Amino acid sequence: AQSVTQLDSHVSVSEGTPVLLRCNYSSSYSPSLFWYVQHPNKGLQLLLKYTSAATLVKGINGFEAEFKKSETSFHLTKPSAHMSDAAEYFCSAADRGSTLGRLYFGRGTQLTVWP
Amino acid sequence: DTEVTQTPKHLVMGMTNKKSLKCEQHMGHRAMYWYKQKAKKPPELMFVYSYEKLSINESVPSRFSPECPNSSLLNLHLHALQPEDSALYLCASSQVIIGQGYTGELFFGEGSRLTVL
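Conventions used here
- All residue numbers refer to positions counted from 1 along the written sequence of the respective chain.
- The naming scheme follows written order: chains are lettered A onward, ligands numbered 1 onward.
- Local features in a predicted model are, by the rule used here, given only for residues with pLDDT of at least 70; side-chain atom pairs are given and counted only at 80 or more, and totals for whole chains, interfaces and linings are based on all residues.
- To obtain the side-chain values, all non-hydrogen atoms of the structure were used and water was disregarded.
- For two strands to count as paired, DSSP must find a minimum of two bridges between them.
- Helical segments are the DSSP runs of H or I of at least four residues, strand segments are the runs of E of at least two, and each set is numbered from the N terminus.
- Inter-axis angles, ranging from 0 to 180 degrees, are taken between N-to-C directions of lines fitted to C-alpha atoms, where helices are fitted over the stretch in contact.
- Note on terminology: pairs of cysteine sulfur atoms within 2.5 Å are recorded as disulfides.
- With a 1.4 Å probe rolled over the protein chains alone, any residue whose accessible area is under 20% of its type maximum counts as buried; one over 50% counts as exposed, and the rest are partly exposed.
- Here, the term nonpolar core denotes a set of buried Ala, Val, Leu, Ile, Met, Phe, Trp, Tyr and Cys residues that are joined through side-chain atoms within 4.5 Å.
- Two residues qualify as a contact provided that any one of their heavy atoms is within 4.5 Å of a heavy atom in the partner residue.
- The rule for a salt bridge is simple: a side-chain nitrogen of Lys or Arg has to be within 4 Å of a carboxyl oxygen of Asp or Glu.

Where do I start with the sheet that holds strand S1 (residues 4-7) of chain B in this structure?
Backbone-to-backbone hydrogen bonds join strands into a sheet, with any given pair of strands oriented parallel or antiparallel. All names here are of chain B. Read across the sheet, four strands follow the order S1-S3-S8-S7 without closing on themselves; strand pairing throughout is antiparallel. With one partner strand each, in any of the chains shown, S1 and strand S7 (64-70) form the two edges of the open sheet. Adjacent strand axes in the sheet meet at a mean angle of 20°, parallel and antiparallel pairs treated alike. Here S1 pairs with strand S3 (residues 18-25) via four bridges, running antiparallel. Each residue of the ladder has a partner; that of Thr-7, found in S3, is Lys-22.

Written out as structure tokens, the structure reads:
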């Protein structure tokens, strides 16, 4: 089974500054990894995914994440925060080729963007 | 815009009521999910349907009854709920590739906000 740890429950940045949201995973299998964003009273939207191709993954809205197997990390970054980025972000993992369809979520990181 | 549609968006019910949440997707996905999400928490898996068959029930109380009438529709029937069942209920779908299993990428609806009085 997978285990996902989001290291920060809350991150605050100023508009125009870089964003870093940290995620570590723990698994004995090769995982598929995902970042989802959730705006208030909305469902989850997929930002990006890693499924064993390039280790640097580019997603929507200027976000990217780098898979580092040696560090078991999949941190989410964005060079310049925008006010519209303020939301809850969830890192998640799945066993690649799983026959169970189970997705493991981290606890979430609330991103606040100050003007 | 989401390709997974959930109705109703908001539902208020008493503890003796019977109601249903509905979910529909037309992406040809053969796996569909119900998640429960409390405020400031990650979604918690409730049920997984694969090819219209229930494959995972995460020990959910029987007052929640899922149904998958066909590959595009997923229902959650609610009866005799408790106030602590108030939450955002999210439906999701994903591809299942023959011989490779689940892709892991879920497509979520916007959720049904349930309040139990």
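Please clarify how the state of the cysteines should be interpreted in this entry.
In this structure the tally under the stated criterion is two disulfides over all chains. Between the sulfur atoms of Cys-23 of chain A and its disulfide mate Cys-91 of chain A the distance is 2.0 Å. Here Cys-23 of chain A and Cys-91 of chain A share a disulfide; its torsion about the S-S bond, -70°, makes the bridge left-handed. Linking Cys-23 of chain A in strand S4 (residues 23-26) with Cys-91 of chain A in strand S10 (residues 87-95), this pair joins segments that are 68 residues apart in sequence. Of the two residues, Cys-23 of chain A and Cys-91 of chain A, both sit in the buried class. With its sulfur 1.9 Å from that of its partner, Cys-23 of chain B forms a disulfide with Cys-91 of chain B. Its S-S torsion of approximately -70° makes the covalent link between Cys-23 of chain B and Cys-91 of chain B left-handed. Here the residue Cys-23 of chain B occupies a position in strand S3, and Cys-91 of chain B occupies one in strand S9 (residues 87-94), the gap between them amounting to 68 residues. Judged by its relative accessible area of 0%, Cys-91 of chain B falls in the buried class. Lacking any disulfide linkage, Cys-68 of chain B is separated from the closest cysteine sulfur, that of Cys-91 of chain B, by 9.2 Å.

Would you mind showing me how to read the pairing of strand S8 (residues 73-79) of chain B here?
A regular strand carries its side chains on alternate faces of the sheet. All names here are of chain B. One ladder, built from seven bridges, connects S3 with S8; its direction is antiparallel. Bridging from a neighbouring strand, Cys-23 pairs with Leu-74 of S8. With five bridges joining them, S7 and S8 adopt antiparallel strand pairing. Note that in S8 the partner of Ser-65 across the bridge is His-77.

Sorry if this is basic, but what is going on with the nonpolar core here?
In summary, soluble globular proteins display a tendency toward joint burial of nonpolar side chains. Core analysis: the largest hydrophobic core is formed by 27 residues, its most contacted members being Trp-35, Leu-48, Phe-74, Leu-76 and Tyr-89 of chain A. The biggest single contributor to this core is S10 of chain A, with four residues. Excluding residues that lie within four positions of it along the chain, Leu-76 of chain A makes contacts with Val-19, Leu-20, Leu-21, Trp-35, Leu-47, Leu-48, Phe-63, Glu-64, Ala-65 and Tyr-89 of chain A. Grouped together as the second largest cluster of nonpolar side chains are 22 residues, Met-46, Val-60, Tyr-89 and Leu-114 of chain B included.

Honestly, the pattern of salt bridges in this entry has me stumped. Any pointers?
Residues and elements named next belong to chain B. One pass over the full model with this rule turns up seven salt bridges over all chains. Here Arg-30 and Glu-52 are joined by a salt bridge, their closest N and O atoms 2.9 Å apart. Linking Arg-30 in the loop between S3 and strand S4 (31-37) with Glu-52 in the loop between strand S5 (44-50) and strand S6 (53-57), this pair joins segments that are 22 residues apart in sequence. Ionic pairing is found between Arg-63 and Asp-85, a salt bridge with its closest N-O pair at 2.7 Å. Residue Arg-63 is found in the loop between S6 and S7, and its partner Asp-85 is found in the loop between S8 and S9; the two are separated by 22 residues along the sequence.

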